Amino acid sequence: MTDTNPDPSNAPSGGPSGPLQIAFSPCPNDTFVFDAWAHGRVPGAPALDVTFADIDITNGMAERGELDVLKVSYAVLPWVLDEYALLPCGGALGRGCGPLVLTREGADTDLTGRTVAVPSERSTAYLLFRLWAAEVVPGGVGEIVVMPFDEIMPAVRDRKVDAGLVIHEARFTYQNYGLHNLADMGRHWEDTTGLPIPLGAIIAKRSLGADTLKLLADSVRTSVRMAWDDPETSRPYVLAHAQEMDPAVADQHIGLYVNEFTADLGEDGYAAIRGLLTRAAAEGLVPPLGPDALSSV
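In what follows, the accompanying structure is described. Owing to the predicted nature of the structure, the values given are computational and were not obtained by experimental measurement. Numbering of residues begins from 1 in every chain and follows the order in which that chain's sequence is written. Local features in this predicted model are restricted to residues whose pLDDT is 70 or higher, and side-chain atom pairs enter the listing and the counts only when it is 80 or higher, whereas totals over whole chains, interfaces and linings include all residues. Side-chain descriptors were evaluated using all non-hydrogen atoms of the structure, hydrogens and water having been removed beforehand.

A count of helical and extended segments in the protein chain gives 12 helices and 12 strands. Computation of the radius of gyration draws on C-alpha atoms alone. For the globule rule, the value is 2.2 Å times the number of residues to the power 0.38. The C-alpha radius of gyration of the protein chain comes to 19 Å, within 12% of the 19 Å expected for a compact globule of 297 residues. Taking the principal axes of its C-alpha atoms as reference, the protein chain extends roughly 60 × 45 × 30 Å. Burial classes: relative accessible area under 20% of the type maximum marks a residue as buried, over 50% as exposed, and values in between as partly exposed (1.4 Å probe, protein chains only). In the protein chain, which comprises 297 residues, the share counted as buried stands at 55%. Every residue pair with non-hydrogen atoms within 4.5 Å of one another is taken to be in contact. Within the protein chain, residue pairs in contact and separated by at least 24 positions form 81% of the contacts whose partners lie at least 6 positions apart. On the protein chain, roughly 12000 Å² of surface is accessible, and the fraction owed to carbon and sulfur atoms is 47%. Within the protein chain, one finds 21 positive and 40 negative side-chain charges whose respective centroids are separated by 3 Å. Numbering of helices and strands runs from the N terminus, with a helix taken as a DSSP run of H or I at least four residues long and a strand as a DSSP run of E at least two residues long. With residues, only the protein chains shown are counted as cover, and all accessible areas are computed by Shrake-Rupley using a 1.4 Å probe. For the purpose of counting charges, residues Lys and Arg are taken to be positive, whereas Asp and Glu are taken to be negative. His and the chain ends are not included. Note on charges: their place is set at NZ of Lys, CZ of Arg, CG of Asp or CD of Glu.

The subject of this paragraph is the sheet that holds strand 11 (residues 179-184). What makes two strands pair is DSSP finding at least two bridges between them. Overall, mixed pairing links the 5 strands, which are arranged 9-8-10-7-11 in an open sheet. At either end of the open sheet lies a strand with only one pairing partner, and these are strand 9 (144-146) and strand 11. Averaged over all adjacent pairs, the angle separating strand axes in this sheet is 30°, with direction ignored. Looking at chain direction, strand 7 (residues 100-104) and strand 10 (residues 163-166) are connected through 3 bridges and run antiparallel. Its bridge partner being in strand 10, Val101 is matched across the sheet by Leu165. Sheet contacts for helix 5 (residues 149-157): strand 7, strand 8 (116-118), strand 10 and strand 11; angle to strand 10, the most-contacted strand, approximately 160°. Axes here mean lines fitted to C-alpha atoms, for a helix over just the part in contact, with angles spanning 0 to 180 degrees between N-to-C directions. Across the sheet, helix 7 (residues 185-193) touches strand 7, strand 10 and strand 11, and the angle it forms with strand 11 is around 20°.

We count a salt bridge whenever a side-chain nitrogen from Lys or Arg sits within 4 Å of a carboxyl oxygen from Asp or Glu. Using the criterion set out here, one finds 12 salt bridges in the structure. Of the charged contacts in the structure, one is a salt bridge between Asp158 and Arg157, with a shortest N-O distance of 2.9 Å. Take Arg157: its relative accessible area is 39%, and that puts it in the partly exposed class. If you follow the salt bridges from partner to partner, you end up with Lys214, Asp218, Arg221 and Asp264 in one network.

Moving on to helix 2 (residues 55-63). Regarding helix 2, the residues found buried are Ile55, Thr58, Asn59, Gly60, Met61 and Ala62. Two residues or fewer after helix 2 comes Gly65, characterised by a positive phi angle close to 75°.

What follows deals with the environment of Ala134. Following the sequence through the fold, Ala134 ends up in helix 4 (residues 124-136). Judged by its relative accessible area of 48%, Ala134 falls in the partly exposed class. Separated by 48 residues in sequence, Ala134 and Leu86 have C-alpha atoms that sit 28 Å apart.

Next up on the list: helix 1 (residues 28-38). Taken across its 11 residues, helix 1 has 11 buried, putting it largely inside the fold. Among the residues making up helix 1, those that are buried are Pro28, Asn29, Asp30, Thr31, Phe32, Val33, Phe34, Asp35, Ala36, Trp37 and Ala38. One or two residues past the end of helix 1 sits Gly40, with phi positive at roughly 75°.

Listed below in structure tokens is the structure:
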């Protein structure tokens, strides 16, 4: 599914010669952030050719070096930072917005040896889950099953799996499935580190060059600020791709995931990213980061 900026002439002199190939999720936070840019309303920004894809798909695209710009999990960065640079804005970090581990109401909540559905094994949610499980499930969980995030809650409800790791708007809707919030990965992370929760990142190919990478970061910042200044303009784009989400839930979603870290990672944002990936590397979950791996523009 694609959505092309209608005005390729927006590309500035010396910038990309054609529309940039970008992929991000159809979730409200991403469509809210990119609405102004995707529709040619950000002055001087390159035109975009948008592909909508769930995070597991965009993570794979990044590992294969596909597309110019991608929204990915922070967890995939150690595998892709040779080819891609982390942009200092546009992603999702925050507080009180972490993934949840859900079980059926009344089910045994000991996850030792149990089957757990997750949205991706290269997701930040999965890293947070593994770090949590290493502390509170000493016997270790059982089989990990990867499935699209919108199928996880039905699978738990229907007893296809014992528990599910959920993200995004599932925070607001899991009770509709008769499910129980066993643990909040974000709360565990915040309690143990004091840092915000790093969820999704915006990356761009280093081969675009330093000037274009800076232009992309400036374009993201302008796009999100335009959305904040006039949220009603973005609403049709958000709701058109929100997978039948209730508008009130979409607003909650945006309020939770689009925040000061979206405009700029800042010191706390970078500390959270490096902290997550350093801890994950110590557990053997990801390769170690080099000292300058997160530098970009």
